[in-house]
Amino acid sequence: MRLSLYIARRFLATFALVAGGFFAILWLLDLVDQIRRFPGKGLSDLVGLAFLHTPGTAYRILPLLMVMTAIALFLRLARTSELVAIRASGRSALRTLLAPVGAAFAIGVFAVALLNPIVAATTKRYELLTGSPIVSAEASTLGGSGGLWLRQAAADGQWVIRAGGASEDDRVLSNVSFLLFGADGRPKTRLLSTEARLEEGRWVARDVKVWDLAGGDNPEAAARRQPEMSIESDLTLDQIRDSVGSPETISVWDMPGFIARLDAAGFSARRHLVALQGELTLPLLLAAMVLVGAGFTMRHARFGQSGLMVLMALVSGIAIFFVRNFAQVLGESGQIPALLAAWTPPLAALMLSISLLLHLEDG
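So, here is what we can say about the structure in this document. Given the structure is predicted, the values throughout are model-derived calculations rather than measurements. (Residues numbered from 1 in each chain as written. Predicted model: local features only at pLDDT ≥ 70, side-chain atom pairs only at ≥ 80, totals over all residues. Heavy atoms only, no water.)

Bringing the nonpolar core into the picture now. Ranked by internal contacts, the top residues of the largest apolar core, which has 59 residues, are Phe11, Met66, Phe74 and Leu97. Looking at this core, the elements with two or more residues in it are helix 1 (2-37), helix 2 (43-60), helix 3 (62-79), helix 6 (98-130), helix 8 (255-265), helix 10 (282-297), helix 11 (306-332) and helix 12 (338-360). Those residues in contact with Phe74, other than ones at most four positions away along the chain, are Leu83, Leu97, Pro100, Ala294, Thr297 and Met298. (Core = buried A, V, L, I, M, F, W, Y, C linked by side-chain atoms within 4.5 Å. Buried < 20%, exposed > 50% of the residue type's maximum accessible area, 1.4 Å probe, protein only. Helix = DSSP H or I, 4+ residues; strand = E, 2+ residues; numbered from the N terminus. Contact = heavy atoms within 4.5 Å.)

We now examine the side chain of Thr281. Looking at the secondary structure, you find Thr281 in the loop between helix 9 (270-280) and helix 10. Overall, Thr281 belongs to the buried group, its relative accessible area being 1%. Non-local contacts of Thr281, meaning those with residues more than four positions away in its chain, are made with Ala342, Trp343 and Pro346.

Moving on to the side chain of Arg10. Relative to the helices and strands, Arg10 is located in helix 1. Of note is the side chain of Arg10, whose polar atom sits 3.4 Å from the side chain of Glu82. When neighbours within four sequence positions are excluded, Arg10 is seen to be in contact with Leu73, Arg76, Leu77 and Glu82. (Polar contact = N/O pair within 3.5 Å; in protein donor to acceptor, adjacent residues only side chain to side chain.)

Moving on, we come to the packing of helix 9 against helix 11. Remark: helix 9 packs on helix 11, axes separated minimally by 8 Å, with the N-to-C direction vectors making an angle of 150°. Crossing angle aside, the handedness with which helix 9 passes helix 11 is right-handed. Residue-level contacts link Arg270, Arg271, Val274 and Gly278 of helix 9 to Arg324, Gln328, Gly331 and Glu332 of helix 11. Residues that form the contact of helix 9 with helix 11 fall into these classes: one nonpolar, three polar and four charged. (Axes fitted to C-alpha atoms, helices over the stretch in contact; angles between N-to-C directions. Left-handed = near helix turned anticlockwise from the far one by under 90°. Nonpolar A, V, L, I, M, F, W, Y, C, P; charged D, E, K, R; others polar.)

This part covers the environment of Glu127. Along the chain, Glu127 falls in helix 6. Judged by relative accessible area, which is 37%, Glu127 ranks as partly exposed. Separated by 74 residues in the primary sequence, Glu127 and His53 place their C-alpha atoms 8.9 Å from one another.

Time to look at unusual backbone geometry. The residue Asn175 is not glycine, and still its phi comes out positive at about 50°. Examined against the element boundaries, Asn175 turns out to sit in strand 3 (residues 172-182). Look at Asn175 and you get exposed, because its relative accessible area is 51%. Although it is not a glycine, Asp207 sits at a positive phi angle of roughly 55°. If you trace the backbone, Asp207 turns up in strand 5 (residues 202-212).

As a further point, take the packing of aromatic side chains. The final tally for this structure, using the stated rule, is four aromatic pairs. Ring geometry for Trp159 and Phe178: centres 6.1 Å apart, planes at 90°, overall edge-to-face. Taken as a pair, Trp159 in strand 2 (residues 157-166) and Phe178 in strand 3 lie far apart in primary sequence, 19 residues in all. On the accessibility criterion, Trp159 (11% relative accessible area) is buried. Residue class for Phe178 comes out buried when judged on its relative accessible area of 1%. Ring geometry for Phe178 against Trp203: centres 6.2 Å apart, planes inclined by 65°, an arrangement best described as edge-to-face. (Phe/Tyr/Trp six-rings, centres within 6.5 Å; stacked < 30°, edge-to-face > 60°.)

Spelled out as structure tokens, the structure:
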């Protein structure tokens, strides 16, 4: 038990050094990027924006940080011959790995339960401070009977759009209300349509009722109906999907309720479901990354080829990281089920890494 605690303590200390070093590097790179993007802002504002944006970047590369931590730990243990002493005491490789794997799993649980809400809050704040004015940063679903709120630029003001539901691909909105505000902030025109389709550079609304709010005291008396009406728009399908609520800005604790509200409002919640399942698999993925790093570097330094083994461990970790992201993209597009997209990469990485360890260490 004392030996396991020692290894776990060494692993956590190494992870703190690796994570802290990468956070500092990412923050400096992000600060340079903020200076280039917003040259008119003051240095204090830019530093704050970098601190808001960097946690999200560091959180996304957490599996890669875990691979580097495992590589650094086992290389150090090999060079000090501590691995030789541990193996000479009768401990197998898998039993030795229980402590670092357990620590990585605990880090994953901590990241999902506590860091994820913090990252979601900082990312949302960053988007509010730097987001595009075309799509409203406050767009969201408001309960089961609510809908989606969008905002887009107009020639002489702006349109505020509310939709009660959407098609599977989010391209066709139903029960749509368009409200045009002039440059003075006063409403000018209101449109109510049963259906509006987003086409190239325009909305095509069908079965439209039009009210001229600036034309007289009784807009209802002058209201007219049109079978079809075209409204210019510079919105894109990706902007509409992001306005529903980017998964990165929603805490994992709030995600189930948000998914339920999206389903009740008729919008696709596939992206959010894949993101939720991906967060739930994070502890398992971090544990698998430790096993991947150990499989290539948990060997005595006198065997040589340490550089090659480190390179193979890094390549394997990066490959798993990108396969996981690719699977999530397939899940978000509906090519494969959400559960399969989220759980297959970490489970496959875990089984392959255990097989590698059994072959190299105990085979």
